[in-house]
Amino acid sequence: MSLELLAQTIINGLFIGFLFGLAGMGLTIIFGVMKIINFATGAMIMLGAYVGYWTYTYWPYSAIPGIIVSVGVGFLFGILVYQVLVRRLIGKPLLTTLLVLFGLTSILENSMLNLWSPNPRSIPIDFPTYSYGLISISTSRVFVSIMAIVATILVLAVFKYTTFGRIIRAVIQDKIAATLMGVDVNRVYTLGFSLGVTLTFLAGALLAMVYPFEPFGGLPYALMAFVVVVLGTLGNPVGCLFAGLIIGTVHSFVGSYWTLNMSPAVAYLIMIITFLLRPQGLMGKKE
Amino acid sequence: MSQENIMTINNVTKMFGGIRALNKVNVEVKKGEILGLIGPNGSGKTTLFNVISGFYPATEGTIEFKGENITNLSPHKIARKGIGRTFQIVRPFGDMTVIDNVLVSGLFSGKMGVKQCRDILKTTRLIEREGDLAEMLNLAEKRRLEIARALALSPEILLLDETMAGLTHTEVDESLKMISGIRNEFGLTIILVEHVMRAIMAVSERILVLSEGTKIAEGSPKEVSENEQVLTAYLGRRV
Ligand SMILES: Nc1ncnc2c1ncn2[C@@H]1O[C@H](COP(=O)(O)OP(=O)(O)O)[C@@H](O)[C@H]1O
Ligand SMILES: [Mg+2]
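Residues numbered from 1 in each chain as written. Chains lettered and ligands numbered in written order. Predicted model: local features only at pLDDT ≥ 70, side-chain atom pairs only at ≥ 80, totals over all residues. Heavy atoms only, no water.

**Quick notes on the overall build of chain B**
- Per the secondary structure count, chain B includes nine helices and ten strands.
- Its C-alpha atoms give chain B a radius of gyration of 17 Å, within 12% of the compact-globule value 18 Å for 239 residues.
- Its C-alpha atoms put chain B at 50 × 40 × 40 Å along the principal axes.
- Here chain B, with 239 residues, has 54% of them falling under the buried criterion.
- Per element, the accessible surface of chain B, about 10100 Å² overall, is 51% carbon and sulfur.
- Of the side-chain charges in chain B, 30 are positive and 29 negative, and the distance between the mean point of each set is 3 Å. (Helix = DSSP H or I, 4+ residues; strand = E, 2+ residues; numbered from the N terminus. Rg over C-alpha atoms; globule rule 2.2 N^0.38 Å. Buried < 20%, exposed > 50% of the residue type's maximum accessible area, 1.4 Å probe, protein only. Areas by Shrake-Rupley, 256 points an atom, 1.4 Å probe, with all protein chains shown as cover. Lys, Arg positive; Asp, Glu negative; His and termini not counted. Charge placed at Lys NZ, Arg CZ, Asp CG, Glu CD.)

Written as structure tokens, this is what we have:
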């Protein structure tokens, strides 16, 4: 086992871990606020990637506009999906949510197929790669990691210090008490869902700069996001980021030393073991 | 105290399936008064609060607040109109700090900033704990936090649901002093549900008695405590 391979594996793992963490945060915020599991996460990650890609083909000078447009579209798309569909799913049986959001996934995936063909795409941005011996660090990955960290810090700061954040936290903890304190829960749900979708789109736009993607390519990312949410404790954004880094590293190790195909299996095994030993997740309190 | 009405409860009935939790209840709440609401367990006191705050729709009847019919408004709108409340079973936002708990409602009133919210914590003697998580507070402090949170809405009416239950003798006395103090400081109208009879008699100007959802008496503490029906309702339950 060479030291270079080990170092490279860890670096790659942490990098993709940020993306898992972002997608997981999108899921966990939505779940925390309205107890809805966004089963359309995978398709939304891919849509975020396509929006970034599409923007780039029109303005191929920088990565930034693609990210901004993807974030903006994600936010509006989130409001739309909430108002049209998700609003009606609140408090409904899990199966209803599952079917409706699988339906949405199917609509999104086939629309992407029609719009952009089944060919894998990627954003061909020329980021330089630096090599240290056998270890190579591509600046695109560094850039993507920094964006993910910035987004996480921003979300946490909004949660902690702003009025909107306090209100979201209040709704997460006790919807009824929040209502009777004057909080319009439906409005908070709309914005909470939309914030979650925005992060999901951002994860997509960022991964598009590093990995190729195609219309039906969202599932593996979504599966990892689900593991991250459970591992990081439901409803805990910081936990998500840590769990993302752990799962990213595991993913990378399985890829380097075994085979990437087994990575989801190993990730789910970790999730099941966590369930058995620490049902409240890594960050959760006892009970 | 003026004789002006701030809230009128007209003929309110609330059914839960076949249970008549409130039966044609009429109340005129005077501006600035402390109105005590008593009655045996299950007589509909909490239900009346839930109907006023819009959490349960009334099966029949209307509620007017400052001349406006608020019967079918959603709870958050009623809260913003100036009707604050506490919960019989405390439900603070446990994972948030004491000051953040108060800021949630404080920021809606539009009249409150961080400074005013901290003043409320001073009034409710929680200022030393403003940075602690709400779940770390003891019961008496959690009950005061419920009051602080409701005050942060800058309400005109405050509905207090058994805020003294489970408190020690000394804590009840402190709480009584605080409630009168709040009424005078903020010019509030307060409706107080309490099981501690000594407490409610001491602080209320008027008392209303519910039994099985029906209003059976209304009057000064003295009148009510000498009322035959009231004595039967209470003693009847204690056998
Ligand atoms: N959500 C509810 N569903 C069904 N019955 C209820 C509900 N809330 C209260 N009740 C019933 O209404 C009656 C009055 O209860 P409540 O208002 O809590 O009494 P109190 O506060 O005076 O002790 C009781 O019989 C209670 O069981
Ligand atoms: Mg009660």
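Resuming the write-up.
**Some details on helix H4 (residues 114-123) of chain B**
- Taken residue by residue, H4(B) has B:Cys117, B:Ile120 and B:Leu121 as its buried positions. Looking straight down H4(B), one finds that the buried residues subtend no more than 100° of arc, so they occupy a single side. (Arc of directions from axis to C-beta.)

**Topic: the packing of helix H9 (residues 219-231) of chain A against helix H11 (residues 263-277) of chain A**
All names here are of chain A.
- Where H9 contacts H11, the two axes come as close as 10 Å, and the packing angle between them is 20°. As judged from the angle between their axes, H9 and H11 are roughly parallel. You can see that H9 and H11 cross each other, and the crossing is left-handed. Between H9 and H11, the contacting residues are Leu223, Met224, Phe226, Val227, Val230 and Leu231 on the first element and Ser263, Pro264, Ala267, Tyr268, Ile270, Met271, Thr274 and Phe275 on the second. (Axes fitted to C-alpha atoms, helices over the stretch in contact; angles between N-to-C directions. Parallel < 35°, antiparallel > 145°, perpendicular 65-115°, else oblique. Left-handed = near helix turned anticlockwise from the far one by under 90°. Contact = heavy atoms within 4.5 Å.)

**Here's the deal with the coordination of the magnesium ion (ligand 2)**
All names here are of chain B.
- Only Thr46 (OG1) and Gln88 (OE1) from the protein coordinate the magnesium ion (ligand 2), and they sit 2.0 to 2.1 Å from it. Of this pair, Thr46 sits in helix H1 (residues 45-52) while Gln88 sits in the loop between strand S6 (83-85) and helix H3 (98-109), placing them 42 residues apart in sequence.
- By relative accessible area, which is 24% here, Thr46 ends up partly exposed. (Donors = N, O, S within 2.8 Å, 3.2 Å for Na, K, Ca; no water.)

**Points about the packing of helix H1 (residues 3-34) of chain A against helix H10 (residues 237-257) of chain A**
All names here are of chain A.
- Contact geometry of H1 with H10 gives a least axis separation of 6 Å together with a crossing angle of 140°. The orientation of H1 with respect to H10, classified from their angle, is oblique. With respect to the hand of their crossing, H1 and H10 are arranged in right-handed fashion.
- Looking at the contact of H1 with H10 residue by residue, the classes come out as 15 nonpolar, 13 polar and no charged. (Nonpolar A, V, L, I, M, F, W, Y, C, P; charged D, E, K, R; others polar.)

**Some remarks on the domain arrangement of chain B**
Residue and element names in this part refer to chain B.
- Under the domain assignment used here, chain B contains domain 1 (1-82 + 157-239) and domain 2 (90-154).
- A separation of 23 Å is found between the C-alpha centroids of domain 1 and domain 2.
- With 17 residues of domain 1 at the interface, the matching set in domain 2 holds 13 residues.
- In total, domain 1 and domain 2 occlude about 1300 Å² of area from one another, counting both sides; carbon and sulfur atoms represent 73% of this.
- The three residues of domain 1 that bury the most area against domain 2 are Arg80, Met178 and Phe186, which together make up 33% of that side's buried surface.
- Applying the counting criterion to the domain 1 and domain 2 interface returns one salt bridge.
- The closest approach of N and O atoms between Glu174 and Arg125, which form a salt bridge, is 3.6 Å.
- Counting every contact that joins domain 1 to domain 2 gives two residue pairs in polar contact (both at pLDDT 80 or more). (Domains from an automatic or database assignment. Buried area = accessible area lost by both parts, 1.4 Å probe. Salt bridge = Lys/Arg side-chain N within 4 Å of Asp/Glu carboxyl O. Polar contact = N/O pair within 3.5 Å; in protein donor to acceptor, adjacent residues only side chain to side chain.)

**Observations regarding H9(A)**
Residue and element names in this part refer to chain A.
- Counted at 1.5 Å a residue, the expected span for H9 with its 13 residues is 18 Å, and the 18 Å between its end C-alpha atoms agrees.
- Buried within H9 we find Tyr221, Ala222, Met224, Ala225, Val227, Val228, Val229 and Leu231.
- Close packing links the buried residues of H9 with H1, helix H2 (41-58), helix H8 (185-207), H10 and H11.
- Phi turns positive, to about 75°, at Thr233, one or two residues after H9. (Expected span 1.5 Å × (residues − 1).)

**Notes on the environment of B:Met178**
Residues and elements named next belong to chain B.
- Mapped onto the elements of the fold, Met178 is located in helix H6 (residues 169-186).
- For Met178, a relative accessible area of 8% corresponds to the buried category.
- The residues contacting Met178, other than those within four sequence positions of it, are Thr123, Thr124, Arg144 and Ile147.

**Quick look at the side chain of A:Asp184**
- Structurally, A:Asp184 is set in the loop between helix H7 (175-179) and H8.
- For the buried A:Asp184, no salt bridge is present, and the opposite-charge side chain at shortest range is A:Arg187, 4.4 Å distant.
- Look past the residues within four positions of A:Asp184 in its chain and what remains in contact with it is B:His76 and B:Arg80.

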